[in-house]
Amino acid sequence: MKILFVAELRVHARAKQRLLALRDLGYEVKEVSTIPDENYSHNPSIFDRISFKLGYPVDLVDLNNRICEYAINFSPDLIWVEKVLTIQPDMYQKLRKSLPKTKIVFYSEDDIFMKHNRSVLLRKSLPIFDLVFTTKPRNLQELPQLGAKKVFCIYQAYDRNVHRPIDVTPAEQAKWGGDVSFVGTFERDRADQMLLIAKQGIVVHVWGPNWQAWKKEHANLRIVRRAIYNEEFVKVLCSSKINLNFLRKANRDLHTSRSLEIPACGAFMLTERTKEHQELFIEDKETAFFETVSELVEKIQYYLSHDEERSQIAQSGRIRCLSSGYSHHERLKVMLDQVNKL
C-alpha cells in the first residue's frame, strides 16, 4: 500500500511517530508536513490568532497545492490526514476526480466535535472522507451529525521505539526525577491540585509549557517551565517514583496519550479514575486511580511508602501495554484493516 501522510510533522510529534511506525510496518509512505520544517516554532501574529478564532487558520506552506502535486505524482492508495485544518474541501473533491480509487481518511487525537479543535474547512470536509478515526467513543454518535459518513473509534497509543524502560544513572535521577512528577502543559485545575499536594508536604516536580502565567508558588512545587519530549520525557518517567496524569477537561478526555506512554515505560502512573482508564488497566494492579484531591494525596502517601507494590504495579502496567497491543504499530494495523474493509 502506498500512503500519502499529511500532518504537522514536528520532530517530537506523535504524528511523526505514526509516520515512522507505518514505514516500520513496510508501507511506502510519502509525507507532506503542514509546517516548514520539523523544528519550526510559530509565533502567531494578531492576524493569525483572529483567523484561527474565526475558524480559518493560516496555511503556512501552500499546503493545498502541495498535496495535489504530491498526490498526482505519487498516486497513493490512501491519503492519511492528521488533524489538518487548512485543507480546502474543493481540494479533496479535486483529488476524488483525479484519483477515484484512492481512499481519504482523517485522524485526530483531539475531540473535533468541539469547535476549538476544528476549522470551518474541516467541518465542510467531513462528509468527503471515506473514514474518520477518533479516540473519543462519544464521537461515534456526534460526528455523523456533522456529516461524517463512517467513524471508527480507537484509543490512543505509545511509541514502542521511544516509550520503554531505561536505566538512569544517579546523576540523571537527581536531575530528572523525584518522588512525584508531572509532565504537561498548564491548566488551572491540575495546577490547583498539585498545589494542594505540595501543601501536604509532598514535593512535586512539574515539567511543561505555559506555566509562566501561574503566579502561585510553594517550596514543594518545583516547576521547570519548558516542554520536554522523547528521551527527556522518558528520563523523567523512569526517574520518578510516581507519575501523575491529569486529563484535559476542554477536550472531554477520559484518557490521553500519556495514559499509555507512562505505563509503557515501566513507570508507575497515578491518574484520574474514568471508564476508559478502567478499560485499559486493572486498578491497583496495573496502575492506580483517584477521583478527589483527598484520594490523590492518600494514594501518593500510600505508594511512596510501599516501594515493592509500586514497582510491581509499574511492571504489570508495561506488560499490559505489550500484551494488549497499545502501541502505534498495533493500533495502525487495526486502523488499516478498517481502511481495507471500505
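Everything below is about the structure printed above this text.
Please read all numbers here as calculations on a predicted model, not as lab measurements.

Visitor: Report on the sheet that holds strand 10 (residues 240–245), specifying residues and quantitative values.
Guide: In a beta sheet, neighbouring strands are held together by backbone hydrogen bonds and run either parallel or antiparallel to one another. Across the sheet, which stays open at both edges, the six strands sit in the order 9-8-7-10-11-12 with parallel pairing between neighbours. Since the sheet does not close on itself, it has two edges, and those belong to strand 9 (221–224) and strand 12 (288–290), each with one partner. Going across the sheet, the axis of each strand differs from the next one's by a mean of 25°, ignoring polarity. Pairing geometry for strand 8 (residues 204–207) and strand 9, over four bridges, is parallel. Across the sheet, the residue bridging to V204 is L221, located in strand 9. Docked against the sheet, helix 12 (residues 293–304) engages strand 7 (178–183), strand 10, strand 11 (269–272) and strand 12, running at close to 160° with respect to strand 10.

Visitor: How would you sum up the packing of helix 1 (residues 14–24) against helix 14 (residues 328–340)? Please name residues and give values.
Guide: The contact between helix 1 and helix 14 brings their axes to 9 Å, and the two run at 75°. With respect to each other, helix 1 and helix 14 are oriented roughly perpendicular. When helix 1 is examined against helix 14, the residues R14, Q17, R18, A21, L22 and D24 are found in contact with a partner set consisting of H328, H329, L332 and L336. When the residues that make up the contact of helix 1 with helix 14 are grouped by side-chain class, the tally is four nonpolar, three polar and three charged.

Visitor: Quick rundown of the pattern of salt bridges? Include the residues and the values.
Guide: Throughout the structure, instances matching the rule amount to 33 salt bridges. Here E172 and K235 are joined by a salt bridge, their closest N and O atoms 3.4 Å apart. One end of the pair, E172, is in helix 7 (residues 170–176); the other, K235, is in helix 9 (residues 230–239), with 63 residues separating them in the sequence. Of the residues examined, E172 reaches a relative accessible area of 22% and is grouped as partly exposed. Given a relative accessible area of 23%, K235 falls into the partly exposed group. In this structure, a network of salt bridges that share partners links the residues R273, E283, D284, E291, E295 and K299.

Visitor: I'd like a description of the packing of aromatic side chains, backed by residues and values.
Guide: All told, the structure shown has 15 aromatic pairs when counted by the stated rule. Here the aromatic rings of F133 and F152 are separated by 6.0 Å at their centres, their planes lie at 85°, and the arrangement is edge-to-face. Of this pair, F133 sits in strand 5 (residues 131–134) while F152 sits in strand 6 (residues 151–153), placing them 19 residues apart in sequence. Residue classification places F133 among the buried positions, given a relative accessible area of 1%. By relative accessible area, which is 21% here, F152 ends up partly exposed. Ring geometry for W211 versus W214: centroids 5.9 Å apart, planes at 85°, classification edge-to-face. The class for W211 is buried, based on a relative accessible area of 0%. Residue classification places W214 among the buried positions, given a relative accessible area of 3%. Taken together through their ring pairs, the aromatic side chains of F5, W80, Y107, F133 and F152 make up a single cluster.

Calculation notes
Residues numbered from 1 in each chain as written. Predicted model: local features only at pLDDT ≥ 70, side-chain atom pairs only at ≥ 80, totals over all residues. Heavy atoms only, no water. Pairing = 2+ DSSP bridges. Helix = DSSP H or I, 4+ residues; strand = E, 2+ residues; numbered from the N terminus. Axes fitted to C-alpha atoms, helices over the stretch in contact; angles between N-to-C directions. Contact = heavy atoms within 4.5 Å. Parallel < 35°, antiparallel > 145°, perpendicular 65-115°, else oblique. Nonpolar A, V, L, I, M, F, W, Y, C, P; charged D, E, K, R; others polar. Salt bridge = Lys/Arg side-chain N within 4 Å of Asp/Glu carboxyl O. Buried < 20%, exposed > 50% of the residue type's maximum accessible area, 1.4 Å probe, protein only. Phe/Tyr/Trp six-rings, centres within 6.5 Å; stacked < 30°, edge-to-face > 60°.

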